[in-house]
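Coordinates in review
So the chains spell out like this:
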Amino acid sequence: MLAGRLNGLVCLIMAASVAVIQLSCGEESPPSACDPNSPDYLPEVISVVAEGSDVVALASDDVPIWRRTLQSDVGKAVLLDLSEESAACPPGKRIVCSTKATDAVSGSIVTFDERGNKLWTYAMTDTSPYPNGHIDRYNIIDFEVSPINSYDKSSEYKIIATASDVTWFPNRIFVLDLQGSWLAGYWHPGDLGSLITEDIDGCDPIEIVFCGLSNTMPWYWLPSQEGLEPDLGDYCGVVGILEGDRIWGCAAPYGAVGVPHAYERWYAFAYDTTAIIISVTQLKDHNSDGQIDVEAWTNTGWGYYIDSSGDSLIGLGRADAASYCIPRLVIFKGHNYVWYVDPDCPWGSVQPGELVAPRAIYKTIHRGCIFH
Ligand SMILES: [Ca+2]
Ligand SMILES: [Ca+2]
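Described in the following lines is the structure provided in the data block. Here the residue index of a chain counts from 1 through its sequence in written order. Key to labels: chains lettered from A, ligands numbered from 1, both in the order written. Only residues with pLDDT of 70 or above have their local features reported here, since the model is predicted, and side-chain atom pairs are shown and tallied only from 80 upward, although totals for entire chains, interfaces and linings are computed over all residues.

**Section: the overall build of the chain**
- Tallying secondary structure elements over the chain gives one helix and 21 strands in all.
- Within the chain, buried positions represent 35% of all 372 residues.
- Nonlocal contacts in the chain, meaning residues at least 24 apart in sequence, comprise 51% of its contacts between residues at least 6 apart. For the purposes of this entry, the term helix denotes a DSSP run of H or I that reaches at least four residues, the term strand denotes a run of E that reaches at least two, and both are numbered from the N terminus. Counting other C-beta atoms within 10 Å of each residue's C-beta, where C-beta atoms are placed from the backbone, gives the exposure class: buried for 20 or more, exposed for 12 or fewer, partly exposed between. Residues are treated as contacting if the C-beta atoms built from their backbones sit within 7 Å of each other.

**A few points about the nonpolar core**
- Counting residues in hydrophobic clusters, the biggest one holds 75 residues, and the most contacted among them are Ile-173, Ile-208, Ala-268, Ile-278 and Ala-296.
- Those residues in contact with Ile-173, other than ones at most four positions away along the chain, are Thr-162, Gly-185, Tyr-186, His-188, Leu-192, Leu-195, Ile-208, Phe-210, Leu-242 and Ile-247. To define a nonpolar core, we join buried Ala, Val, Leu, Ile, Met, Phe, Trp, Tyr and Cys residues through C-beta atoms within 7 Å and take the resulting set.

**Comments concerning the pairing of strand β19 (residues 313-318)**
- The pairing criterion is simple: DSSP has to find at least two bridges between the two strands. Here strand β18 (residues 302-307) pairs with β19 via five bridges, running antiparallel. Note that in β19 the partner of Tyr-304 across the bridge is Leu-316.
- The hairpin formed by β18 and β19 contains five residues between the paired strands, and Gly-310 there has a positive phi angle of roughly 80 degrees.

**Quick notes on unusual backbone geometry**
- The omega torsion across Asp-204 and Pro-205 is -5 degrees, close enough to zero to call that bond cis.
- Its place among the elements puts Pro-205 in the loop between β12 (190-198) and β13 (207-215).
- Even without being glycine, Asp-62 reaches a positive phi, approximately 65 degrees.
- Tracing the backbone shows Asp-62 in the loop between β2 (54-58) and β3 (64-69).
- Taking the number of C-beta atoms within 10 Å as the measure of exposure, Asp-62 has 10 and is therefore exposed.
- Unlike most non-glycine residues, Ser-288 shows phi in positive territory, near 55 degrees.

**What to know about the pairing of strand β11 (residues 182-188)**
- With six bridges joining them, strand β10 (residues 171-177) and β11 adopt antiparallel strand pairing. Residue pairing for β11: Leu-176 is matched across the bridge by Trp-182.
- Between β10 and β11, which pair antiparallel in sequence order, lie four residues; one of them, Gly-180, sits at a positive phi of approximately 90 degrees.

**Overview of the sheet that holds β3**
- Ordered in space as β1-β2-β3, the three strands form an open sheet in which the pairing is antiparallel. In this open sheet, the two strands that pair with only one neighbour each are β1 (47-51) and β3. When strand polarity is set aside, the average angle formed by the axes of neighbouring strands in this sheet is 20 degrees.
- Where β1 and β2 come together, five bridges link them in antiparallel fashion. In the sheet register, Ser-47 faces β2, and the bridge partner there is Leu-58. Simply put, an axis is a line fit to the C-alpha atoms, just over the touching stretch for a helix, and the angle between two N-to-C directions goes from 0 to 180 degrees.

**Remarks on the environment of Pro-189**
- If you trace the backbone, Pro-189 turns up in the loop between β11 and β12.
- By C-beta crowding, Pro-189 is classed as buried, having 20 other C-beta atoms within 10 Å.
- For the pair Pro-189 and Leu-213, spaced 24 residues apart in sequence, the C-alpha to C-alpha distance is 9.0 Å.

Below you can see the structure in the form of structure tokens.
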């Protein structure tokens, strides 16, 4: 008898919970919207495209279903299917867009439901912790939507974006949930042009591979025992991996008042007498050891194949248009660093596209705190 009453009580509580969820989701869609013969009928959104400051939802035959005009040009638009997300509210599909900065407004993330109703806008206006140059309007350079399994330990999708101040630095990698709430951010004193979210090691959380450029590293940061000259280009290329549940602080070597140093699984920069930018072109197991490698190329036509652990450089490559010498590469892991350099230049015998083993590598493990 007692058990029966308790069961009844549990049912009442569950019914109350369901009622709350329904209220927060709003009213159910009218069934007529699913009936092709109804005037309310809307076909399924199959794809989305950005056209100037418009985002356009398309049906299977590429016929526009709806078009919405945003406050500035759309950088990227992604269609997300939440049919597997039982907690999604409202259920169905989402359209996630980024907008670019103008003289008047900062770039933002904007989301719509599949009927074209705007759900929320997040304007990226975070105040820079660095001392000079910034004006706190950001371009959203790139973003991905991924279930990064972190923060709230749910499998819900998160939006992971890279944004650069309109003065070109600093950069902010930041994470929002699908309700538009801020979850985490990482400051970088440069311009991170792209990111890739992927589980590259088969374990939680998702990894975030980022790349781009940074200010020239201070000469006193470079390992001096190899006799390198501090004669560097205007900026150096950077590539690294953040872990989805450890996003905070600011990237080395620059300090920011009141902001702790960040944690990266590893962080590398490539430098030369010319300005270097790095792009990551592929995440692939090149040497068949079961571990994904990060394939990173410089704007001067040189490639680094870096084991995703950051512990080894498995190969180097050159493109048709390779110029200068291969830039020196320094990889940091925490407060230790691992330094690689190949001084053999030019690589007359190496064919474009060929992955070759590094020939002359200096590896120095520096133990101790180098950031403070
Ligand atoms: Ca992982
Ligand atoms: Ca590998």
